[in-house]
Amino acid sequence: MKIALVLAAALLTAAPVVSFPSAADAQVLTGRGRATPARRPSRPPPPALTEAEEDRLWDAEAELASLEEQMTALETPPEGQTALSAEQQTQLQAHATRLREVQTVIAQLKAKRDRQR
């Protein structure tokens, strides 16, 4: 029996080691032998709209709606009047100029806001 135990011990120590690879081994082995590219520092995110700019955007949008209502009211002459008076035309032109300015402000602020997304 002593010979059997010695023989079993000899076979066990001489047997090849069997191991099964794990997921961690695969992750480590994946990057071997490959050159790593130089990493560039990432750009900081573009600045968000400040609270003052957000307020300005809301105010500009409200002013735009108000100007459009005023222009619509001026463009429809009262009954019995066929054309706009000189004063109404001047007011309409002033509103149109201000409307373009407000639209420019809105476009700039929205472009800045959308760049950050």
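Since this is a predicted model, take the numbers as computed values, not measurements. (Residues numbered from 1 in each chain as written. Predicted model: local features only at pLDDT ≥ 70, side-chain atom pairs only at ≥ 80, totals over all residues. Heavy atoms only, no water.)

Quick word on the overall build of the protein chain
- Looking only at helices and strands, the protein chain features four helices and zero strands.
- In the protein chain, the order of α-helices and β-strands from amino to carboxyl end is α-α-α-α.
- Burial status across the protein chain gives 15% buried among its 117 residues.
- Taking all contacts inside the protein chain whose residues are at least 6 apart in sequence as the whole, residues at least 24 apart take part in 81%.
- As presented, the protein chain carries roughly 10,200 Å² of accessible surface, and 58% of it is formed by carbon and sulfur atoms. (Helix = DSSP H or I, 4+ residues; strand = E, 2+ residues; numbered from the N terminus. Buried < 20%, exposed > 50% of the residue type's maximum accessible area, 1.4 Å probe, protein only. Contact = heavy atoms within 4.5 Å. Areas by Shrake-Rupley, 256 points an atom, 1.4 Å probe, with all protein chains shown as cover.)

Observations concerning the confidence of the model for the protein chain
- Here the protein chain averages 81 in pLDDT, while 77% of its residues score no lower than 70.
- Within the protein chain, helix H3 (residues 51-75) carries the highest mean pLDDT (92), whereas helix H2 (residues 23-30) carries the lowest (57). (pLDDT = per-residue confidence, 0-100.)

Focus: helix H1 (residues 2-14)
- Counted at 1.5 Å a residue, the expected span for H1 with its 13 residues is 18 Å, and the 18 Å between its end C-alpha atoms agrees.
- Counted residue by residue, H1 has zero buried out of 13 residues, so it is predominantly exposed. (Expected span 1.5 Å × (residues − 1).)

Description of H3
- The terminal C-alpha atoms of H3, which comprises 25 residues, lie 36 Å apart, in line with the 36 Å expected from a rise of 1.5 Å per residue.
- Of the residues making up H3, those classed as buried are Glu53, Leu57, Ala60, Leu64, Leu67, Met71 and Leu74.
- Elements in contact with the buried residues of H3: helix H4 (86-115).

What about the nonpolar core?
- Formed by 14 residues in total, the largest nonpolar core has its most connected members in Ala60, Leu64, Met71, Leu99, Val102, Ile106 and Leu109.
- Every element with two or more residues in this core is listed here: H3 and H4.
- In terms of residue count, H4 provides more of this core than any other element does, seven residues in total. (Core = buried A, V, L, I, M, F, W, Y, C linked by side-chain atoms within 4.5 Å.)

Things to note about the packing of H3 against H4
- Interaxial distance between H3 and H4 falls to 9 Å at its minimum, and their mutual angle equals 150 degrees. Considering their axes alone, H3 and H4 lie roughly antiparallel with respect to each other. Two packed elements cross with a definite hand, and for H3 against H4 that hand is left-handed.
- Residues belonging to the contact of H3 with H4 are distributed by class as follows: 13 nonpolar, five polar and ten charged. (Axes fitted to C-alpha atoms, helices over the stretch in contact; angles between N-to-C directions. Parallel < 35°, antiparallel > 145°, perpendicular 65-115°, else oblique. Left-handed = near helix turned anticlockwise from the far one by under 90°. Nonpolar A, V, L, I, M, F, W, Y, C, P; charged D, E, K, R; others polar.)

Re the pattern of salt bridges
- Within this structure, the stated rule accounts for five salt bridges.
- In this structure, Arg98 engages Glu101 in a salt bridge whose closest nitrogen and oxygen atoms are separated by 3.1 Å. Highlighted residues: Arg98 and Glu101, both in helix H4, separated by three residues, approximately one helical turn.
- In this structure Glu101 comes out as partly exposed when scored by relative accessible area, which is 40%.
- A salt bridge links Arg113 to Asp114; the nearest nitrogen and oxygen atoms lie 3.7 Å apart. (Salt bridge = Lys/Arg side-chain N within 4 Å of Asp/Glu carboxyl O.)

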